[in-house]
Amino acid sequence: MDHVFPPAPPLVPMARIACEVASVISLGALPTGERRYVPLRGGRVSGPELNGEIAEGGVDWQILRSDGVIEIAAHYVIRTDDGALIEVRSEGLRHGSPEVLAQLAHGEPVERDAMYFRTVVRFGTSAPAWQHLNKVLALACGARDAHLVRLDLYRIT
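Once a new chain begins, its residue numbering starts again from 1 and follows that chain's sequence as written. Residue-level local features of this predicted model are given only where pLDDT is at least 70; pairs of side-chain atoms are given and counted only at 80 or more, and the full residue set underlies all totals for whole chains, interfaces and linings. Processing note: side-chain calculations cover all non-hydrogen atoms of the structure and skip hydrogens and water entirely.

Colleague: I'm lost on the environment of Phe123 in this one. Help?
Modeller: Working definition: helices are DSSP H or I runs of at least four residues, strands are E runs of at least two. Numbering for both runs from the N terminus. If you trace the backbone, Phe123 turns up in strand β8 (residues 116–124). Type-normalised accessible area, obtained with a 1.4 Å probe on protein chains alone, sets the label of each residue: buried when under 20%, exposed when over 50%, and partly exposed for intermediate values. Taking the relative accessible area as the measure of exposure, Phe123 reaches 5% and is therefore buried. The residues contacting Phe123, other than those within four sequence positions of it, are Met14, Leu50, Ile86, Glu87, Val88, Arg89, Leu133, Asn134, Val136, Ala138 and Leu153. Whether two residues touch is decided by their heavy atoms; if any such pair falls within 4.5 Å, the residues are in contact.

See below:
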């Protein structure tokens with residue numbers, strides 16, 4: 001049977017996020033893989049639809065699976081330039097070739113297209129000017145440096 005799909009929904013650039021991260025802290029091996037977390041130290045959000053700072057105190061929870069894939073569940077807050085607080089929940093996957101993973105392990109920067117680093121992002125806020133974000137899903141495409149995560153955020157229309 002031949003399936004014809006309509007065009008995919010457009011992705012609209014929202015913002016670039018540069019988030020400073022601490023070192024990975026491992027909780028050890030669980031049945032599902034190595035449980036770890038990365039404290040988020042803050043950073044900058046800038047773009048056509050969203051501008052502000054990453055509030056210190058967020059956490060990126062991870063499971064390093066036996067197949068080398070990292071399951072990501074980041075939870076943090078953006079403080080917009082107008083003072084609003086926006087909760088961010090970002091869940092996805094990161095993986096790459098053995099060479100790319102070795103680069104990451106040595107603290108070398110890895111560009112966005114060198115690995116698969118994608119998350120689905122949801123927002124929550126009570127700020128009147130930002131209520132539209134409560135109804136939005138976004139896609140983040142990431143890159144990683146030793147102590148910096150860079151995300152390009154796209155609103156899914």
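Colleague: What is the right way to look at the nonpolar core in this model?
Modeller: Here is a general trend for soluble globular proteins: nonpolar side chains tend to be buried in one another's company. Formed by 34 residues in total, the largest nonpolar core has its most connected members in Ile17, Leu50, Tyr76, Ile78, Phe123 and Leu153. Those elements that place two or more of their residues in this core are β1 (11–21), β3 (33–46), β6 (70–80), β7 (85–95), α1 (98–105), β8, β9 (137–144) and β10 (148–156). If sequence neighbours within four positions are ignored, Leu153 has contacts with Val12, Pro13, Met14, Ala15, Ile17, Val121, Phe123, Ala138, Leu139 and Ala140. To define a nonpolar core, start from buried Ala, Val, Leu, Ile, Met, Phe, Trp, Tyr and Cys residues and group those joined through side-chain atoms within 4.5 Å.

Colleague: What's the story with the pairing of β8 in this structure? I'm lost.
Modeller: On any regular strand, side chains alternate: one points to one face of the sheet, the next to the other face. For β7 and β8, the ladder comprises nine bridges, and the chain directions are antiparallel. The residue of β8 that forms the bridge with Gly92 is Thr119. A strand pair is defined by DSSP finding two or more bridges across the two strands. Relative to β9, β8 runs antiparallel, the two being bridged by five bridges. Within β9, the residue paired with Arg122 across the bridge is Leu137.

Colleague: Would you explain the packing of aromatic side chains in this entry?
Modeller: For this analysis, a ring pair means two rings from Phe, Tyr or Trp (six-membered ring only for Trp) whose centres lie within 6.5 Å, classed as stacked if their planes differ by under 30 degrees, edge-to-face if by over 60, and tilted for the remaining angles. The full count for this structure, using the stated rule, is one aromatic pair. Here, a charge over a ring means that NZ of Lys or CZ of Arg falls within 6 Å of the ring centre while also lying within 35 degrees of the ring normal. The ring centre of Phe117 lies 5.8 Å from the NZ or CZ of Arg94, which sits over that ring. Across the ring face of Tyr116, the terminal group of Arg118 is positioned such that the distance to the ring centre comes to 5.3 Å.

Colleague: How should I be thinking about the pattern of salt bridges in this particular structure?
Modeller: Side chains that differ in sign of charge can pair as their charged atoms come close. For salt bridges, the criterion is a side-chain nitrogen of Lys or Arg within 4 Å of an Asp or Glu carboxyl oxygen. Applying the stated rule across the entire model yields 11 salt bridges. We note a salt bridge from Arg155 to Glu49, for which the minimum N-O separation is 2.6 Å. Here the residue Arg155 occupies a position in strand β10, and Glu49 occupies one in the loop between β3 and β4 (52–54), the gap between them amounting to 106 residues. Overall, Arg155 belongs to the partly exposed group, its relative accessible area being 21%. Among the salt bridges present, the one from Arg112 reaches Asp152, with a minimum N-O distance of 2.8 Å. You can see Arg112 sitting in the loop between α1 and β8 and its partner Asp152 sitting in strand β10, a full 40 residues away along the chain.

Colleague: Help me understand the side chain of Asp145 in this model?
Modeller: Looking at where Asp145 falls in the secondary structure, it is placed in the loop between β9 and β10. At 2.9 Å, the side chain of Asp145 forms a polar contact with the side chain of Arg150. Setting aside anything within four residues of it in sequence, one finds Asp145 in contact with Pro109, Val110 and Arg150. We define a polar contact as two N or O atoms separated by no more than 3.5 Å, with the added condition that, inside protein, one atom must be a possible hydrogen donor and the other a possible acceptor, whereas residues neighbouring each other in sequence contribute only through side-chain atom pairs.

Colleague: It is not clear to me how the pairing of strand β2 (residues 25–30) should be interpreted in this structure. Could you clarify?
Modeller: Relative to β3, β2 runs antiparallel, the two sharing five bridges. Note that in β3 the partner of Gly28 across the bridge is Arg35. Between β2 and β3, which follow one another and run antiparallel, lie two residues.

Colleague: Can you help me understand the state of the cysteines in this one?
Modeller: One covalent bond between the sulfur atoms of two cysteine residues makes up a disulfide. Here, the term disulfide refers to a pair of cysteine sulfur atoms separated by no more than 2.5 Å. A complete count under the given rule lists zero disulfides for this structure. The thiol of Cys141 is not disulfide-bonded; the next cysteine sulfur, from Cys19, is found 17 Å away. Residue Cys141 is classed as buried on the basis of its relative accessible area of 6%.

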